[in-house]
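Okay, here's what each chain looks like letter by letter:
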Amino acid sequence: MNPPGNLEELGQPGREAWEARIRTALDAAIAEGTDMGVVRAGEHLRLDPGRLLDRRSLDWPALPQHAVECLGRNNALRLLDWTGDAGQAIGRLAHQDEYLEWRVVRAGDEIQRIEMTTELPEYWEVLAGYEPRQLLALARKFARTAEVTFEDLYGSLDPLTPGLSADELSAAFAATCLPKRESVDRPEDLIDAVGSINDGVRGLLCMIHRDNNLVSLFRLMVSSLQPHLVVDSVTLRPRFPSGTEAIGGIGAIATPGRNSDPLVVERLSRFATEGRSVAPGDPLGVYIRSLQLHALAMPDDSDVPLEWLHLSRGNEADEERGVPASFQRLTLEAPKDAPAQVGDLVVRRTGEPLRYGGQLAELVQLTLRVQTSEGVTLAPMTPVTATESESQCGEHRATWDAFVSAGMGS
Amino acid sequence: MSSETLQPGIYFERSVPPPPAWLALLLNASRGATPRQVSEAVGEVVAMLTGLQEGQLRELSVTRADEAPASIPLHTFDFLLGFGTSFFSPGRGLAAAEKPSHLVSLRRGRSAFPALPWSDHGSDDTDRGEADFFLQFTGATQHAVSRAAVEVVSLVNEQTLPLEPVWSFDGFQRDDGRSWVGFHDGVSNLEPSQRRAAIECRGDPDWNRGGTYLAFLRIDISLNRWRTLTRREQELIIGRNKLTGVPLESIDEDGTPLTMPISPPTDASSWYERDAYFNIADSGNPRIEATHVNRVNQNRASPSTPSAHRIFRQGYEFLGRVSPTGADVGLNFISFQSDLRHLQQVLGLPGWLGDANFGGDSHAGQSADPVFSLAAGGFYAVPPKESPFPGARLFLAQTTMS
């Protein structure tokens, strides 16, 4: 398996470590699925695409729909951009849960730029373990300053000390730059353990939400790949279940109400019912498929120039070789001589000025690519009565209450 | 399956197909009228229409004691009332309610949608589909819906109500299940059990919970341009066999589109074959995926899955002017959706309809000679049922304009 985005920054040991990491995550997801009663967990999911020739994309908008559904769009936009006193991204850690996270850089109240990433934390752990100098260079590039040090990335550990193992370096990076979930629950406390180089204060390296990682992605995929049919309540014929019906019906480890989870569950459950084998696309990852820049306008209602948009951490499309674009990072920023800033832009679909990162996320389409076997062999099964699974809003409302208590809600 | 809250005129129940005749009447509130005056005017219009449904025509009212009432056929039409972007404009001083976030004018920007340009009618009159109020009439005959619209205009004029009719549009259902481009239309609409999930708003703003949003796009179709394409080219734009409606699955070495190995469904068809015919199974073939029927449903997911962007379509064809150069034909595209974002995504996303005029390969810019173009259009909130009329509580409760 190639590294995410077909990036070429890992040497051979790092690439092997990444592949091992993928295998470990998949095995863990299968074991967990089996323990939870997922029938034939992992039977349909393979890592090697081999003869799986049908390429399919599962696409969804990047705006956290669950937050919108629970809190209303206006409140959700504000909460998702909630930062602490020093600028730590509390809202991001709590509820940016669609496999994309963002950082809004403001000068006063005006947005100067918005950065977005879909990069998996597990990959950054491998990078930290095997390529510390590359890690430092990237961190300095994203923070836009040379004043980032190894201490910002590894804590008290000097990664250049001879004899240190890759695992030790990875662990030090994780301890310094990723949240620790063992002891605290409140996002406004959890964010304090994430280093400023990744918590939004000085930079955005990789994702930190508890579900935006490789293990969760495999958990979602494995638990979704179960055959399931329901009886339609009107026609009384069998049909494929909706995402929320499948989540309830097969016990998929997924959150109803999101843009991502119900879609993945619905599609993968269908593939399993059709008897298809599935492999994640290579390179594995969630990618930024598009930004609808035409939905933004300059103050004079002209289109936003393409040069405002930067896609990175991935590869361009190669149509001749049939390789799709696979970008993991997006930055929206005005060039130096531009007559306006990002905060001056207007969102055409709502008529609103661009004030929140979520308004941009609403225009970003993410993609998870998979490959499947051809042909259909329907699993012999009896359709069951459909049961919808309801989305729960308790966690969002609790965060909103904390947001209001912090004086941010007015 | 019936809805307690949705206004009539949305035919989502399996056993109730849309009636053949359609007419939309757009009205603005008169400048200078107070919110209360406008609200009362709308109430009078709704009351009149309700009476008309019961056979009461004002023209035929009894005027002498010895007269027996005359009536007209009953229940010949349905109507629903929508509220446009301009109604919520703070400058109008009409609305107390919060404007839904994605209820916007389609005038903004050079093109309402990136791959659906405005028609070139030789005028800049691109706001013809937008008004404060949208009255949709659907009925068994063109006369029934026309009479309803005429009675509204008559009432407004005779009673000097503070409403101004600004535009009307009409259309019809075909008898062959096809559209002007010759292909089956409305085939891959939603499963009956899932339609309400696609249609009904779940809140945000809360006042529209149980209501819906209506999108009206009057789409011109250049038959002259369309009929220059070969049948093969047409099929690779649409995504179905032109004669049978069976979805395409692949393309052979000669470039001939090949259909799925199924037939148009009958009572004897398996559920899977019916599903493949109506819901277009994902082919995995990039050229097939670029066809219209695949583009509009890229995610192949159900309405209750938000990122499926499913909408409920209920369109009506139209015939405009006939001239020596041809006939102006098109589609009054009407969709109902729980959230206007869904239609905006379908018409904006690359790979969906954001980078292709209707279907086929994507293009970097708009075609100089598109087959489909937008003649008029607007978005409307369609509030849930309410007394004395849907949306009554949206009005400002004050007697003077600010």
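Here is what the cut-offs are and how they apply
Residues numbered from 1 in each chain as written. Chains lettered and ligands numbered in written order. Predicted model: local features only at pLDDT ≥ 70, side-chain atom pairs only at ≥ 80, totals over all residues. Heavy atoms only, no water. Helix = DSSP H or I, 4+ residues; strand = E, 2+ residues; numbered from the N terminus. Buried < 20%, exposed > 50% of the residue type's maximum accessible area, 1.4 Å probe, protein only. Contact = heavy atoms within 4.5 Å. Areas by Shrake-Rupley, 256 points an atom, 1.4 Å probe, with all protein chains shown as cover. Lys, Arg positive; Asp, Glu negative; His and termini not counted. Charge placed at Lys NZ, Arg CZ, Asp CG, Glu CD. Phe/Tyr/Trp six-rings, centres within 6.5 Å; stacked < 30°, edge-to-face > 60°. Pairing = 2+ DSSP bridges. Axes fitted to C-alpha atoms, helices over the stretch in contact; angles between N-to-C directions. Buried area = accessible area lost by both parts, 1.4 Å probe. Salt bridge = Lys/Arg side-chain N within 4 Å of Asp/Glu carboxyl O. Polar contact = N/O pair within 3.5 Å; in protein donor to acceptor, adjacent residues only side chain to side chain. Disulfide = S-S within 2.5 Å. Expected span 1.5 Å × (residues − 1). Parallel < 35°, antiparallel > 145°, perpendicular 65-115°, else oblique. Left-handed = near helix turned anticlockwise from the far one by under 90°. Nonpolar A, V, L, I, M, F, W, Y, C, P; charged D, E, K, R; others polar.

### Concerning the overall build of chain B
Looking only at helices and strands, chain B features nine helices and 11 strands. Seen through its principal axes, chain B has C-alpha atoms that stretch 80 × 50 × 45 Å. When burial is assessed residue by residue, chain B has 58% of its 402 residues classed as buried. Look at the contacts in chain B between residues 6 or more apart in sequence, and 74% of them connect residues 24 or more apart. Surface accessibility of chain B: about 16,700 Å² in total, with carbon and sulfur atoms responsible for 50%. With 35 positive and 46 negative side-chain charges, chain B shows a separation of 2 Å between the mean positions of the two kinds.

### Points about the packing of aromatic side chains
Here the structure, examined in full by the defined rule, presents 30 aromatic pairs over all chains. Taking the centre distance of 5.2 Å and the plane angle of 70° together, the rings of F240(A) and W271(B) count as edge-to-face. Of this pair, F240(A) sits in the loop between β5 (238–239) and α11 (243–250) while W271(B) sits in helix α6 (residues 271–279), each in a different chain. Residue F240(A) shares its accessibility class with W271(B), and that shared class is buried. The interplanar angle of 75° and the centroid separation of 5.0 Å between the aromatic rings of F87(B) and F395(B) together place this pair among those described as edge-to-face. You can see F87(B) sitting in the loop between β2 (77–84) and β3 (133–139) and its partner F395(B) sitting in the segment after β11 (372–382), a full 308 residues away along the chain. When sorted by exposure, F87(B) lands in the same class as F395(B), which is buried.

### Digging into the sheet that holds strand β9 (residues 309–312) of chain A
Residues and elements named next belong to chain A. An order of β2-β3-β10-β9 is seen for the four strands of this open sheet, with the pairing classed as antiparallel. The sheet is open, and its two borders are formed by β2 (101–107) and β9, each paired with just one other strand. With strand direction ignored, the average angle separating the axes of adjacent strands in the sheet is 15°. Bridge analysis of β2 against strand β3 (residues 110–117) gives seven bridges, and the strand direction is antiparallel. For R103, the partnering residue across the bridge sits in β3 and is E115.

### Thoughts on unusual backbone geometry
Between D282(A) and the following residue, P283(A), the backbone shows a cis peptide bond with an omega angle of 10°. The residue P283(A) is located in the loop between β6 (278–280) and β7 (286–291) in this model. In the segment running from D204(B) into P205(B), the intervening peptide bond is cis, with an omega of 10°. Among the structural elements, P205(B) can be located in the loop between α3 (195–199) and β5 (212–221).

### Comments concerning the interface of chain A and chain B
Taken together, the contacts link 53 residues of chain A with 41 residues of chain B. Between chain A and chain B the total buried area reaches about 3,800 Å² when both faces are included, carbon and sulfur atoms providing 48% of it. The three residues of chain A that bury the most area against chain B are V234(A), R237(A) and R349(A), which together make up 15% of that side's buried surface. At the boundary of chain A and chain B, one finds two salt bridges. E362(A) is paired through a salt bridge with R341(B); the nearest N and O atoms lie 3.2 Å apart. Across the chain A-chain B interface, the total number found is 19 residue pairs in polar contact (both at pLDDT 80 or more). Mapped onto the side of chain A that touches chain B, the elements with two or more residues apiece are β1 (54–61), α2 (65–71), α3 (73–80), β5, α11 and α12 (260–273) of chain A. A per-element tally of the side of chain A that touches chain B places β1(A) first, with eight residues.

### Describing the state of the cysteines
Tallied over the full model, the rule gives one disulfide over all chains. Left unpaired, C206(A) is separated from the closest cysteine sulfur, that of C177(A), by 7.6 Å. Exposure remark for C206(A): the relative accessible area of 0% places this residue in the buried category. You can see C201(B) has no disulfide; the closest cysteine sulfur is in C393(A), sitting 15 Å from it. Take C201(B): its relative accessible area is 4%, and that puts it in the buried class.

### Focus: α12(A)
In a regular helix each residue adds 1.5 Å, so 14 residues correspond to 20 Å; α12(A) covers 20 Å between its end C-alpha atoms and thus fits that length. Where burial is concerned, most of α12(A) is hidden: 14 out of the 14 residues are buried.

### Points about the pattern of salt bridges
Taken as a whole, this structure holds 48 salt bridges over all chains when the rule is applied. One salt bridge connects D27(A) with R23(A), and the closest N-O pair in it is separated by 3.2 Å. Remark: R23(A) and D27(A) occur in helix α1 (residues 12–35); sequence separation between them is four residues, near one turn of the helix. A residue is classified by how much of its surface remains accessible, and D27(A), at 37% relative accessible area, is partly exposed. Between E67(B) and R64(B) there is a salt bridge, and its shortest N-O distance comes to 3.8 Å. Exposure remark for E67(B): the relative accessible area of 28% places this residue in the partly exposed category. Taken together, the shared-partner salt bridges in this structure form one network comprising D54(A), R56(A), R270(A), E274(A), R276(A) and D275(B).

### Focus: the environment of W352(B)
With respect to the helices and strands, W352(B) occurs in the loop between α9 (340–348) and β11. Exposure remark for W352(B): the relative accessible area of 1% places this residue in the buried category. Note: C-alpha distance between W352(B) and H292(B) (60 residues apart in sequence) is 8.3 Å. When sequence neighbours within four positions are dropped, the list of residues in contact with W352(B) reads Q365(A), R295(B), V296(B), N297(B), Q298(B), N299(B), S307(B), A308(B), H309(B), Q345(B) and V346(B).

### Topic: the packing of helix α10 (residues 214–224) of chain A against α12(A)
Residue and element names in this part refer to chain A. Two elements in contact, α10 and α12, have axes whose closest approach is 8 Å; the angle formed by their N-to-C orientations is 40°. Between α10 and α12, the angle is such that the two are oblique. Between α10 and α12 the crossing geometry is right-handed. Touching L220, M221 and S224 of α10 are D261, V264, V265, L268 and S269, all from α12. The class makeup of the residues in the contact of α10 with α12 is five nonpolar, two polar and one charged.

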